[in-house]
Every structure is written in structure tokens, then in C-alpha cells.
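Remarks on the overall topology
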Amino acid sequence: MSDSITRRTFLKGSVASAAFMAGLFTPFPFKQLNVSANSSDDPILVVVSLRGGWDALNVVAPISGEDVAYYQKARPTLQIPQKELLPLETRFGVHPALKPLFELYQDQKMAVVHAVGLTYNTRSHFEAVEYMELGTPGEKTIHSGWLSRAWLADAFASEEGIPLVAIPSQPTALQGSNQTISLSSFNDLQLWDGGMIDLQIPVLRQLYAGESNLAQSTNRTLDVLELVKSRVDQEYKPAGGVKYQDDEFSRNLQAVAQLIKMNTNLRYATIDYGGWDTHEDQNYGTEGEMGILLSNLAAGLSSFYRDIEREHARRVTVVVMSEFGRRLAQNESRGTDHGHGGVMLVLGGQVLGGKVYGKWPGLANEQLFERSDLAVTTDYRQVLSEILQKPMQIPNIIQVFPGFQMQGDLGLFA
Amino acid sequence: MDRREFLKTAGVLAAASTLAGCQTDSSTAPMAGNPFPTTVQSGSGGAKPSVTIPTTEQTKPVVNDLATLINNRLTFGVRPSEPLFSSTAGSTDDKILEDFLDRQLNPGSIDDSVFEERLQRAGFETLQKSFKDLAYEHITHNPYKNNDDRHWQWYIKPFYELIRATFLRAIYSRKQLQELLVDFWHNHFNVYGDQDDVSPLMLSYDRDVIREHVFGNFRQFLEAVATHPSMLTYLNNRTNSDAGPNENFARELLELHTMGAENYLGIQDPTSIEKDENGFVRGYIDNDVYEAARCFTGWRMNDDLWEGEEEVDDSLTFLYYQPWHDRYNKFILGLYIPADQSPQKDGRDVLDLLASHPGTATHIARKLCRRFVSDDPPQGLVERVARTFMQEKDSPEQLREVYKTLLLSQEFRESSGGKLKRPLEWAVSTMRALNVEMMQLPEGVYWTTFMMGQPLFGHHQPDGYPDKAEHWINSMSSIYGWNLITGLVENWWSDEEDGNNVRVDLLAQTPVEVSSATQLVDYWLERWQLQNLPAESRTALIQFTAGEAGVDTPLNAEELSEKIPALVTLILISPQFRYRG
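All residue numbers refer to positions counted from 1 along the written sequence of the respective chain. Chains carry letters from A onward and ligands carry numbers from 1 onward, assigned in written order. Local features in this predicted model are restricted to residues of pLDDT 70 or higher, and side-chain atom pairs are both shown and tallied only at a pLDDT of 80 or more, whereas totals for entire chains, interfaces and linings draw on every residue.

1. Overview of the overall build of chain A
Looking only at helices and strands, chain A has 13 helices and 12 strands in total. Using C-alpha atoms as the atom set, the radius of gyration is obtained and then compared with a globule rule of 2.2 Å times the number of residues to the power 0.38. In terms of overall dimensions, chain A is globule-like: its C-alpha atoms have a radius of gyration of 22 Å, near the 22 Å expected for 414 residues. Taking the principal axes of its C-alpha atoms as reference, chain A extends roughly 70 × 50 × 40 Å. As a rule, residues whose C-beta atom has 12 or fewer other C-beta atoms within 10 Å are exposed, those with 20 or more are buried, and those in between are partly exposed; C-beta atoms are placed from the backbone. Looking at chain A residue by residue over its 414 residues, the buried ones come to 55%. Two residues form a contact once the distance between their C-beta atoms, set from the backbone, is within 7 Å. Excluding contacts between residues fewer than 6 apart, the proportion of contacts in chain A whose partners are at least 24 apart in sequence is 75%. Secondary structure counts use DSSP, requiring at least four H or I residues in a row for a helix and at least two E residues in a row for a strand, with both numbered from the N terminus.

Below, the structure written as C-alpha cells:
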């Protein structure tokens, strides 16, 4: 492991971010798990990625000025009727399926950032996701994801317990981290037992001795299984009478809530939520495919927040993002094609919520990106950087987003 | 299937199987006509594994030889009862590989009657149905009423049978390379199988498109894909019309099916794109996506959905629909397409251009090399494979020639240890290694492969499952990989309510003279060609198997029935088994 960069040496600053750009990043050394029984004040970030490119303009739509006419003209059958939109402020209304989140917005627990996204010009899902999660738009030479680097740069994060969780599998953002545990629900964290499992596990560890990625990941998994063993089959009782909806996304969030409450040092969790690539039959008014996606999103997030609100809200920040927004004009299949600017949601105990952030570029032809899509006026890294700097307490953003200069402060946090 | 329920049931079954363990002939009797081999030699009609198996005294790790590489890389893994090739003494590596490829790249020459018979006995009802019958009987004229449970069961039957037949082929067919290549192209031209209104047609997509063209010509392959209703539905081209083009198919055609993201230049001015000496543009830009979308307007299907289209019927077949076609001129990839060309000509011109573009050749070559050689294949090999792709572009045997260049290369031979199994390969190779007895795959096994991360025909995004190890090194794969192996060796899916069972009889596969811990470990390692297991791992396995007994002390029947499944589980989850040679 002589060439490897450990988190400690990284924190001492002996490694320039140029080394990362050159792809010298190698995985972390494996650490034995230990979990303190004490409740912790350490911050937690949950990143929800809506895969496929969500139609930001039908999530947060204009409700005043000339933009209303542009929006309606471009979307004769796909527009959300004005009277259905829940007003966030004078300019924008939110899709009614997000009502539970609208309530969190009214409680000032959720902020909206509009016209935000990747500053690089691409309408390819795969490229957009990769650039976004590597954190270096236009550059693919870096070999680690932005969350891996945030974790590396995070001086306060404990390496013990289950700091990194990916649902259902490790995204590019966590590339380069062998400490990630993937799961889809909490009950996945157990092995079926043919009758001799207690004798088999030590042998399994012997088989996976060594430093390969596969070995590190497998050992990490075994540690975590051991750690949660006594709790995995217990029935989970959410706080405050919350009942999670019975769908995949809510199960995912419930698993995160369970991990938070277990005090196993969760630091970063990612959740992939797919299905947003709505080229066809996107919505019928507020109903249809998009309505279902949004209503599940809102149900999951609000249950999660209410579940952890009393004990852990100060620690938790949730960011909801997508690789791009969609075209202003609908297509003939009652859908929308790949676009550019999007919308992000930031939710949590420390967020200065109840406000729409970002500079609104407008929807007139000459205001659109390439005369067809919502423009990007806020780099998505600005939002992530403010989250990292404030609640996550990582001062050195350059290590996470090499080459990115923060543009002032949106003011998402005090 | 609910796992908690399974575990409850499984607990009972586990107890039952422990109780039954003393009996040598338990309820897991093999199905008629296909007894499990009682020893390693007797199962395969005389053909012996071609690899040199060291005796138990030679415990030093051996470097994988070519035969092991072929078994693991060009098949779904060792199936001890049925070696796919044999070599006579003195055969050179060249000869072994050439002979193997001669047969496997011309699968018509392979006697697969044992598998064919199994396929017959498995009792599939829909595999032979024509596209027309699938559409008519299972979609548009489903005999059951909407509110009848059988309506959905009948609708989904062809798709479920396709999944089960695919597993059966992967496990038992001797046409192993064909099955791997079919899997490659299913991922390349990915279609999510369980689509709202056309799932039954996936059976035809597999048979009439993927299998039909797997050894053929890429240009023809491309058009078969572009006009199949499974793809037309999946990437929405069935609603792509001049009134408001749907770009989904056009974009993925360029980005995934042909030139690849490596040749995507983003959003640029079309007049600024340079051309090479043969007149091919250096890459594609967003404008090419829009123009391609226009070229494919009107490539739809007979879905009789809209009012006032009297010429459209409900056969669900491909339909070129002139009224939806954008008739004006286009400019794509440096090519001018005049207005009012003959039917389908715009789209065909685009396919012609893409199939002959050097960027496509490189993209396909790189993906094939990644599949069969290493995650980051040598550029020199990629270029040679791409050259064959270009040279043979008009040949009806183009892809067969491409595979030959790839698999006869020195780089392929030197690629031992280069590929981690994806979950599907791990699952299938496990079932091959265990000599499972199965007709129709139990639902629970499919569900477990789903949890491992790779359900067959279950990838939602159009890019197919990723093919680099980093995507598959994760806790879910490991946990559910373990669970799958445990469920199989413990026979937890051997008595399913719907009669779809899988059975494993490990005792019957262990020769009577193999009874001490050392013998058992070495026997199973040799049987699966895992002699490269590190000495420490072997020792740990031997000590585990011996338990309180000595490592050379014969174990009694009860101990054997308890220890062998536990030992076999450990071997099948070992890192060495998780690599494709």
C-alpha cells in the first residue's frame, strides 16, 4: 500500500489535488469497525439522484409574468394547470403531487434552487451523470467521485461504523471508496444460513485476505453484517407516528433513517431513484407517470424527515438532484426530450428554507439555452459546495471540486 | 416473492434436509433420464476434461492455462459433467483454441441434442410462437377478461418463458459461446423486457433479432433492431412524428448502438466538424441527433391507437407511416439528405452511414474486447478488431470474423484473471458447477439474481449492464451471491408450489473414496479447475471441513452431508471462483 493515499495523509495536505486529476487516487485502507454507543452530533448528507433527467419545468413552474405564456404555449397538453400549482412565492408554483414537500417548504425546512445544473453542454444521460458525479464537467481523467473526495476531505468523519451507504448500488459519486455499503432495504444486511454460518464466516474472511478491492469490499460487508446482526430482524418503529409508504423509494429512505438512529456513524448516503426519462406519456394534467413519481418522491422524503425530525434534523441535509432538466417544448408523444437547466431541492434542519434560490433566466426564446431549454445560471457544484462547507463543515472545497470556484454564496445556510 | 416468507420456509426446509442428511438416497432424487454422475469421470460420455489436473500432492498454485481460460471466459463456466472440448495428448494451445472456435462460432455444427431434449421436456408453450401469434394471442386478443388473474398470467407468459429458456440455455446448452454473445448483444441493444404493452414481443426480439444476427452482418442487425416493435416501444420511436420528433431512439442509436459516447462532440456548429480522409465526420454532435430523429419519423408500428388512421391495423408489426414522416431535406453527419426520398430511405441512409463509420467499428470493438479480454482492453487489439469490422462490413459473416480476430489474439490468451464475473455469470456458473437439475427456473432464483444486481432483461436504462469490475464489487452482490449459493446447495428451491424446482445432489457427485477433509477440498477444487487457490485458503477450507476430526480422517455419512454443502458454498463464493478465468 506504499503508493496509496490514506485519508490521514490527505488531510495533512501532502497530496495536491493535481494528483487526483492525474488519477493517482487509490482506495482507502481497510479499518476495523467499532461503534460508539453515544449519540452523535456529526452531520449527515443524503444525496437523492433522480435518474433520467426530471422535468424541472413541470416540478416548479412559472406562475407570473410572460413566462407563463411561454410555458403554456410550449406545452399545450403537458402544462400543469395554473390553478393546480401550489405557490412557492410570486414567481413559481410547485406541482401539487409534492404537497407534503410544499408543507416542509412552508415550515422553512426545504429550499428550492432553480435553473441549476451542469455547465457543460451535453444532453446525454450517461455523460451528464458521469461529469456531474465525478464533479469535473468536461473532464473524465479523475478517477474518484465527488462524494469520495468529500469523505476524504472530511476531517471530522469517523472511519468506524457504516459511514458510506449507497442505495441500491455504488454510484460514480462514490467511486474510489471501498468503504461503501450497498443495500436496498435494511433487511438485506443478513446472510442466509445453511446451518454452519458461524463456522463459515472466519473461513470466508481467510479466502478474502488481502488488499484487492474485492477483498476490502467483502470484508467491509462482513463487518457491517456483524454490526447490525442483533437489529436486522427487529421490527422498525418510525418516530412520531410516521408510516412509510410501501414503495421502493420509501423503503430506501426508511433504511437510511434506521441507520441514522443506530448511531453507526453514517456520513454520506446516496439513493438512486429512476424513471424520470419521460419521453412519452409523461403526464395527463397532474396525473400519469410523472405524477406518480413525484408523489412517491414527496411521500418518501416527508416521511423520512418527520421520522428523524425530533432527534436528528439538525444533523441531516438531503439534496435532490437530476442530471438535467427537459426541453421546454413538449414532443408529439406527450413527452419531453432531454434538456439542460433543472431544479434542485435542499431539505434539512439547517437549511434556510421557504425560499427559491438562484437567478431565473426566463423562458423567452433568446433566454433559453440554445433557444430550446431552460438555461443554467447556477452551477450544481455551488449548491453542493455550500452544503459541504456549512452543515458538513468541509472548508476545503477545492479538494472536492478541483478547478471549481464558488461564485459568492447563495445563502442556503446561515 | 417475500424473502421473510422464504426464510421461514427455508428454516423448515433446512431442518428437514439436515434430518434427511443421513440418508444417502434422499427425496432429492434426480429427474428421469438425467441421473447425476456418481463420479467425476462417469458423467460425460467418455470425454475427459482437457486440462491437466495436478495430483493432490502438487498444491502449488498453477497459472491458469488456456483450457481453463476458455472454460471460464468463453463459456458460462465449468460444467463438470459435460466438458465442452477435449484435447488429445500433444495438442498445442493453438489447436485447442482453433478447434473450440471452429465449433462454437458455427454452432449449427454442435450436437446439442441432450439440451434440446431437456428444452422439450421443460414444457415451454410459447417459445415457437411467431411474432404474429405472440401479438395476437397474448396482447390484442388475450382470451381472458381484464379482471381475471389469468389475463395477466397469459400476457406475461412468453416473457417469463424467455427468461427461463435463457437460463436453461446458459446452463445446459453446448452452444456456450453463442449464449455469451447473445447476452452481449442483448446488453448492447438493451431493451427492458417487462414493458407495459409489448412484453410478449421480447421473445421475438430475442429470437428474430438478437439470435438471428449474432454471427451476421452489423448493418442488417442494426435495421432489424431499429424496426422491431420491442425497440420501437422501448425507445419511443413508435411515436416519433414530424409534428414533434421524439429524439429518444435517435440519440441512443448514435450514443449507444453505433458511434458511442466516445465519439460524441457535444453541442457544436455542424459546419465546424472536420472530416477524415475518407469523408467521415470526426464525431457526432447534438444537431446530428435532431436530424437523425427527423430521418426516423414515421418508423412506427401497427398499434391502432389513434383516431382516423384507417391504414393502421392492430398487428403490432413494424409500419413505415408516410403521413408522419418529415419529408424535408436533412443534413446529418456531413451527409445531405434530399427531400422526398422513397419510403424509409432517410433512415436507411443513416443506418448505412453509421454502420460503415470507423467510430462505430472502434466502439463495438472496444465493447467486445472489454467483454472478453479485460476492463480496459489494449488499444492495439481494439484497433485490430475494429479493422476487421471495417474490412468485413459488407460480409454476411462480418461479426463471426470480428469474433475470430478478437479471440484468436495473443491479448485474449494472456488475459487470465482479467474479468470479474457479473452477477448473472456468477449465478449461472454456480448452477453449472453444481450440476443442478432443473427444467424451469424457480422464481426465487430469479429474484435472488435480481437482488445480486443483474436481473435478466431487467436493465431499465438503454446502456445495458456495465462491464467493469468496479460496478459489481459491492455488498449486495456479495450478500445475495452467498444467499443464492446457500439456497442452491441446501435445496431450498427443490419443492416449489408451482413445480418449478432446482435440485442439487452434492453427495452423489462425490466419489465414495473421497471422504477426508483434504480429499474433499482437493476434489472440489480440481473438479472446478480452481487449483490457483492460494495455499492458505486451501488450508483454511481443509481445517473447516475437518472440524474436530483429523484432516486425513474419513468423515462419516452424517458429517459428509453436513460439511459438503458448507464447503462447496465457501468455494463458490471464493474470489477465485468469482473471476472468469
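2. Re the overall build of chain B
Each helix and strand in chain B was counted, giving 24 helices and six strands. Across the 581 residues that make up chain B, the buried fraction comes to 50%. Summarising the internal contacts of chain B: among those between residues at least 6 apart in sequence, 73% fall at separations of at least 24.

3. Remarks on the sheet that holds strand β3 (residues 86–87) of chain A
All names here are of chain A. With antiparallel pairing, the three strands of this open sheet are ordered in space as β2-β4-β3. Pairing within the sheet leaves two strands with one partner each, and these edge strands are β2 (60–62) and β3. Strand direction decides the pairing type here: β2 and strand β4 (residues 92–94), joined by three bridges, are antiparallel. Paired with alanine 61 across the two strands is glycine 93, which belongs to β4. Strand pairing is assigned whenever DSSP identifies at least 2 bridges connecting the two strands.

4. Thoughts on helix α6 (residues 125–134) of chain A
Residues and elements named next belong to chain A. Summarising burial for α6: eight of the 10 residues are buried, a large majority. Along α6, the residues that are buried comprise His125, Glu127, Ala128, Val129, Tyr131, Met132, Glu133 and Leu134. Where α6 is buried, its residues meet α7 (146–153) and α12 (380–389).

5. Considerations on the interface of chain B and chain A
At the interface, 46 residues of chain B touch 43 residues of chain A. Among the elements of the structure, α1 (3–20), α11 (248–257), α20 (475–489), α23 (535–546) and α24 (557–573) of chain B are those that each provide at least two residues to the side of chain B that touches chain A. The element contributing the most residues to the side of chain B that touches chain A is α20(B), with nine residues. Only Asp, Glu, Lys and Arg are considered charged, only Ala, Val, Leu, Ile, Met, Phe, Trp, Tyr, Cys and Pro nonpolar, and every remaining residue, Gly among them, polar. Of the residues in the side of chain B that touches chain A, the class split is 20 nonpolar, 19 polar and seven charged.

6. Notes on the packing of helix α19 (residues 443–452) of chain B against α20(B)
All names here are of chain B. Between N-to-C directions, angles span 0 to 180 degrees; the directions come from axes that are lines fitted to C-alpha atoms, helices contributing only their stretch in contact. Taken N-terminus to C-terminus, the directions of α19 and α20 make an angle of 160°; their axes are 8 Å apart at the nearest point. In this view, α19 runs roughly antiparallel relative to α20, as classed from their interaxial angle. At the point where α19 passes α20, the crossing takes the left-handed sense. Facing α19, whose interface residues are Thr448, Met451 and Met452, α20 presents Met476, Ser477, Tyr480, Gly481, Asn483, Leu484 and Gly487. Taken together, the residues of the contact of α19 with α20 sort by class into five nonpolar, five polar and no charged. Roughly parallel covers angles under 35 degrees, roughly antiparallel covers those over 145, roughly perpendicular covers 65 to 115, and oblique covers all other angles. Crossing chirality is assigned from the near helix's rotation relative to the far helix, an anticlockwise turn below a right angle marking it left-handed and a clockwise turn marking it right-handed.

7. Looking at the pairing of strand β9 (residues 316–322) of chain A
Residues and elements named next belong to chain A. Across the seven residues of β9, seven count as buried, placing the element largely inside the fold. On β9, burial covers both faces: Val316, Val318, Val320 and Ser322 on one face and Thr317, Val319 and Met321 on the other are all buried. Pairing geometry for strand β1 (residues 44–50) and β9, over seven bridges, is parallel. By the bridge assignment for β9, leucine 45 is matched with threonine 317.

8. Observations concerning the confidence of the model for chain B
Residue and element names in this part refer to chain B. The quantity known as pLDDT measures the predictor's confidence residue by residue, on a range of 0 to 100. Across chain B, the average pLDDT comes to 88, with 88% of residues at or above 70. Segment residues 1–63 is flagged for pLDDT under 50; beyond a separation of four residues in sequence, or across chains, it makes 79 contacts in the model. Here the prediction assigns the complex a pTM of 0.84, and the interface score ipTM is 0.85.

9. Here's the deal with the packing of helix α6 (residues 149–172) of chain B against helix α8 (residues 202–213) of chain B
Residue and element names in this part refer to chain B. Where α6 meets α8, the axes come as close as 8 Å, and the angle between the chain directions of the two elements is 45°. Relative to α8, α6 is oriented oblique. Contact residues: Pro158, Phe159 and Leu162 in α6; Met202, Leu203 and Asp206 in α8. For the contact of α6 with α8, the class distribution of residues is five nonpolar, no polar and one charged.

10. Looking at the nonpolar core
The term nonpolar core means buried Ala, Val, Leu, Ile, Met, Phe, Trp, Tyr and Cys residues held together as one set by C-beta atoms within 7 Å. One finds Val165(A), Met344(A), Val346(A), Val383(A) and Leu567(B) to be the most contacted residues of the largest nonpolar core, which totals 263 residues. Not counting chain neighbours up to four residues away, the residues in contact with Val165(A) comprise Thr180(A), Ile181(A), Leu183(A), Val256(A), Leu259(A), Leu266(A) and Ala269(A).

11. Some points on α19(B)
For an α-helix the count is 3.6 residues per turn, leaving residues at separations of three or four pointing the same way. All names here are of chain B. Listing the buried residues of α19 in full gives Val445, Thr448, Thr449, Met451 and Met452. Taken down its axis, α19 places every buried residue within 160° of arc, on the same side. Looking at the buried side of α19, the elements it contacts are α18 (423–433), α20 and β6 (502–503). After α19 finishes, the residue glycine 453 shows a positive phi value of roughly 115°. The directions from the helix axis to the C-beta atoms form the arc being described.

12. Concerning the environment of Leu484(B)
Residues and elements named next belong to chain B. Within the secondary structure, leucine 484 is located in helix α20. Residues leucine 484 and phenylalanine 85 lie 399 residues apart in sequence; the distance between their C-alpha atoms is 28 Å. Leucine 484 has contacts with Ala427, Thr430, Thr448 and Met452, leaving out every residue within four places of it along the chain.

13. Comments concerning the pairing of strand β8 (residues 268–273) of chain A
Residue and element names in this part refer to chain A. Summarising burial for β8: five of the six residues are buried, a large majority. Here β1 pairs with β8 via six bridges, running parallel. Counted as the bridge partner of valine 48 is isoleucine 271 from β8. Relative to β8, strand β6 (residues 164–167) runs parallel, the two sharing four bridges. Each bridged residue has a counterpart across the sheet, and for alanine 166 the counterpart in β8 is threonine 270.

14. Here we look at the confidence of the model for chain A
Scored by pLDDT, chain A comes out at a mean of 89, with 90% of its residues at no less than 70. Under a pLDDT of 50 for its full length, residues 1–39 of chain A has, in the predicted model, 62 contacts with residues more than four places off or in other chains.

15. Concerning the environment of Leu412(A)
Residues and elements named next belong to chain A. Topologically, leucine 412 is positioned in the segment after α13 (397–400). Under the C-beta neighbour-count criterion, leucine 412 is labelled buried, with 26 such atoms within 10 Å. Sequence-wise, leucine 412 and valine 356 are 56 residues apart; in three dimensions their C-alpha atoms are separated by 9.8 Å. In contact with leucine 412, not counting residues within four places along its chain, are Ala111, Val346, Val351, Leu352, Tyr357, Val383 and Glu386.

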